[in-house]
Amino acid sequence: MPKPIVFHVDVNSAFLSWEACRQLSENPDAADIRLTPSIIGGRRELRHGVVLAKSIPASKAGIKTGEPIVHALKKCPNLQIFPPDFSVYRVKSDALMELLRSYAPCVQQLSIDEAFCDITGTEKLYGDPVSFACKLKQEIFDTLGFTVNIGISSNKLLAKMASDFEKPDKVHTLFPDEIPEKMWPLPVSDLLYAGRSSVQKLHNLGIFTIGDLAAADPNVLQQHLKSHGKELHNYANGIDPSPVESETDAPKGYSNSITLPFDCTDRSDAKGIMLSLCENIGARIRKDNAFISVVSVTIVDADFRKTSHQTSLPTGTNITDVIYENACALFDNLWDLSPIRLIGVHTSKASDQCYTQYSLFDTEKNEKLEKLDMAIDSIRLKYGDNAIKRARFLGDDKTKPTED
Ligand SMILES: [Mg+2]
């Protein structure tokens, strides 16, 4: 059996890098906002909104992701602020995933700017994993124009921990024999899946580093943190048996999720993000001439609590608006106002029965929506993904003032 090798590829300051790429593609002489104090964040006029992504110079000025823009401006008065544009991000994300799939036998997209690649058994083809990762990182930069970190290990947990080491534009390894030196000295809050409330409980138990956690008695952890205590103990010891699963391995369905670089607490922001996820899902369904009949929404909060709800539709559909309306209803039922870290929308394929029902239940409104979606798809195919945008994505503020 070849030694398992997993890469975790993570775009550096994704939203800001991608905005920089967009500006440079429109005007090659434009200043590169990665090199100036700049952030992505919304609604400056309303003195509301948080930093979604920051450049390295902004970071050097002490600006943190998730902090209010007003604070960021106090730290750095000449800060440049650009609104988020999820339709640009989706194009960049898709291009990255396509490039990764052209090399790795199995790719699992984790969020808009992150993926696991299982490259086990490719050493003869690509050479040793570290030099292959360096080449891959360079090719991403040369062809797509942005930098990534790549973490390498024998499982997903360790690969993801490794990609979070020094940034940007770096390759790091964290193999099991490197755990004591590279992972155990880190604060326990740096451990993947250790949410705020777990970290507080661990601190109360006198556990401050990942090494403290690795050495702790798993029974005591279970007493105080239930089953999550045992899981965290395993993670601190580098144990993660979960395989890299590509979307094609999963039951046939169409999903998309995004891990947010901040904790989202605004319903309208959350729905804007869901619309972008649903647009991507709808376009893929229509491209396959498929219909879906189940929609589900997943929310992961800042403490990594995962909840999801699903609903069955009376007929199969391929209409973005229908998927989005159902996703919104599920979201409203599901969300308990806790800060959101990840939002996902999943759909499952309709059975054959639903195909026949589809025509029986067809309504005039749906026919119009379907035609509209197909028109949008064909314009995007011809002129690029940015040729058409929903009104809601035009300008960050126009759709929201009544809610503020
Ligand atoms: Mg990233």
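Everything below is about the structure shown above.
Residues numbered from 1 in each chain as written. Predicted model: local features only at pLDDT ≥ 70, side-chain atom pairs only at ≥ 80, totals over all residues. Heavy atoms only, no water.

**Q** What is the right way to look at the pattern of salt bridges in this model?
**A** One side chain can pair with another of opposite charge once the charged atoms of both are near each other. On inspection of all chains with the given rule, the structure shows 17 salt bridges. Linking Arg196 and Asp263 is a salt bridge whose minimum nitrogen-to-oxygen distance equals 3.8 Å. With Arg196 in helix 9 (residues 196–204) and Asp263 in strand 9 (residues 253–264), this pair connects stretches of sequence that are 67 residues apart. The partner of Asp373 in a salt bridge is Arg286, and the shortest N-O contact between them spans 3.2 Å. (Salt bridge = Lys/Arg side-chain N within 4 Å of Asp/Glu carboxyl O. Helix = DSSP H or I, 4+ residues; strand = E, 2+ residues; numbered from the N terminus.)

**Q** Where do I start with the sheet that holds strand 9 in this structure?
**A** Strands in a sheet are paired, the pairing made by backbone hydrogen bonds, and the direction either parallel or antiparallel. Across the sheet, which stays open at both edges, the four strands sit in the order 9-12-10-11 with antiparallel pairing between neighbours. Every interior strand has two partners, whereas the edge strands, strand 9 and strand 11 (306–317), have only one. Going from strand to strand, the sheet's axes swing by 15° on average, the running direction of each strand aside. When strand 9 meets strand 12 (residues 340–349), the two strands line up antiparallel, connected through eight bridges. Opposite Cys264, over in strand 12, you have Ile340 as the bridge partner. Packed onto the sheet, helix 13 (residues 320–334) meets strand 10 (292–301), strand 11 and strand 12 and runs at close to 145° relative to strand 11. (Pairing = 2+ DSSP bridges. Axes fitted to C-alpha atoms, helices over the stretch in contact; angles between N-to-C directions. Contact = heavy atoms within 4.5 Å.)

**Q** Help me understand the environment of Tyr126, please; the structure alone is not making it clear to me.
**A** By the element assignment, Tyr126 lies in helix 5 (residues 123–126). In the structure, Tyr126 is positioned 23 residues away from Tyr103 in sequence and 9.0 Å away in space, judged by C-alpha atoms.

**Q** Got a minute to help me understand helix 13 in this structure?
**A** Because the α-helix completes a turn every 3.6 residues, residues three or four places apart line up on one side. For helix 13, built from 15 residues, the straight-helix expectation of 21 Å at 1.5 Å per residue is met to within 8% by its first-to-last C-alpha distance of 21 Å. All buried positions along helix 13 are accounted for by Thr320, Val322, Ile323, Tyr324, Ala327, Cys328, Leu330, Phe331 and Leu334. (Expected span 1.5 Å × (residues − 1). Buried < 20%, exposed > 50% of the residue type's maximum accessible area, 1.4 Å probe, protein only.)

**Q** What should I look at first to understand the coordination of the magnesium ion in this one?
**A** The reference angle at a metal is 109.5 degrees if four donors form a tetrahedron and 90 or 180 degrees if six donors form an octahedron. The magnesium ion binds to the protein through Asp10 (OD), Val11 (O) and Asp113 (OD); the donor distances cover 2.2 to 2.4 Å. Expressed as a motif, the donor residue spacing for the magnesium ion is D-V-x101-D. (Donors = N, O, S within 2.8 Å, 3.2 Å for Na, K, Ca; no water.)

**Q** Please clarify how the packing of aromatic side chains should be interpreted in this entry.
**A** Working definition: an aromatic ring pair is given by the centre-to-centre distance plus the angle between the planes. The final tally for this structure, using the stated rule, is ten aromatic pairs. With centroids separated by 6.0 Å and ring planes inclined at 40°, the aromatic side chains of Trp18 and Tyr89 adopt a geometry described as tilted. Of this pair, Trp18 sits in helix 1 (residues 14–26) while Tyr89 sits in helix 4 (residues 86–103); the two residues are 71 residues apart in sequence, bridging distant segments of the chain. Pairing Tyr193 with Tyr235 gives two aromatic rings, centres 5.2 Å apart and planes at 40°, and the pair type is tilted. Note that Tyr193 is positioned in the loop between helix 8 (179–182) and helix 9 and Tyr235 in helix 11 (residues 218–236), a separation of 42 residues in sequence. Taking the relative accessible area as the measure of exposure, Tyr193 reaches 34% and is therefore partly exposed. Taking the relative accessible area as the measure of exposure, Tyr235 reaches 14% and is therefore buried. Aromatic ring contacts, followed pair by pair, group Phe7, Tyr103, Tyr126 and Phe132 into a single cluster. Here the guanidinium or amino end of Lys3 rests over the ring plane of Phe175, the centre of that ring lying 4.5 Å away. (Phe/Tyr/Trp six-rings, centres within 6.5 Å; stacked < 30°, edge-to-face > 60°. Lys NZ or Arg CZ within 6 Å of the ring centre and 35° of its normal.)

**Q** Sorry, what's going on with helix 6 (residues 129–144) here?
**A** Here helix 6 is 16 residues long and its end C-alpha atoms lie 21 Å apart, about the 22 Å a rise of 1.5 Å per residue gives. Every buried residue of helix 6 is listed here: Pro129, Phe132, Ala133, Leu136, Lys137, Ile140 and Leu144. Angular distribution of buried residues about the axis of helix 6 spans 140°; they occupy a single face of the element. Turned more than 90 degrees away from the buried face of helix 6 sit Lys135 and Asp142, all of them exposed. (Arc of directions from axis to C-beta.)

**Q** Looking at this structure, I do not really get the pairing of strand 7 (residues 148–153). What am I missing?
**A** On a regular strand, each side chain points to the face opposite its neighbour's, so the side chains alternate between the two faces of the sheet. Counting buried residues along strand 7, six of its six residues qualify, which places the element largely inside the surrounding structure. The two faces of strand 7 match: Val148, Ile150 and Ile152 on one face and Asn149, Gly151 and Ser153 on the other face are all buried. Sheet topology places strand 1 (residues 6–11) next to strand 7; six bridges connect them, and they run antiparallel. By the bridge assignment for strand 7, Phe7 is matched with Ile152. Note that strand 7 and strand 8 (residues 171–173) share three bridges and pair parallel. By the bridge assignment for strand 8, Gly151 is matched with His172. Each parallel crossover has a hand, and for strand 7 linked through helix 7 (residues 156–163) to strand 8 it is left-handed. (Right-handed = clockwise from strand over helix to strand, strands pointing away.)

**Q** I would appreciate a short explanation of the packing of helix 4 against helix 6 in the present structure.
**A** Each pair of packed helices can be described by the angle between their axes along with the distance between the axes. Orientation of helix 4 relative to helix 6, taken along the N-to-C sense of each, is 140°, at an axis distance of 11 Å. Here the hand of the crossing between helix 4 and helix 6 comes out right-handed. The segment helix 4 lies against helix 6, with Lys92, Ala95, Leu96, Leu99, Leu100 and Tyr103 engaging Phe132, Leu136, Glu139, Ile140, Thr143 and Leu144. Of the residues contributing to the contact of helix 4 with helix 6, the split by class is nine nonpolar, one polar and two charged. (Left-handed = near helix turned anticlockwise from the far one by under 90°. Nonpolar A, V, L, I, M, F, W, Y, C, P; charged D, E, K, R; others polar.)

**Q** I would appreciate a short explanation of the packing of helix 1 against helix 4 in the present structure.
**A** Contact pair helix 1 / helix 4: the axes reach a minimum separation of 10 Å and the direction vectors enclose 90°. Our classification of the angle between helix 1 and helix 4 gives roughly perpendicular. Contacts from Phe15, Trp18, Cys21 and Arg22 in helix 1 reach Phe86, Val88, Tyr89, Lys92 and Ser93 in helix 4. Residues belonging to the contact of helix 1 with helix 4 are distributed by class as follows: six nonpolar, one polar and two charged. (Parallel < 35°, antiparallel > 145°, perpendicular 65-115°, else oblique.)

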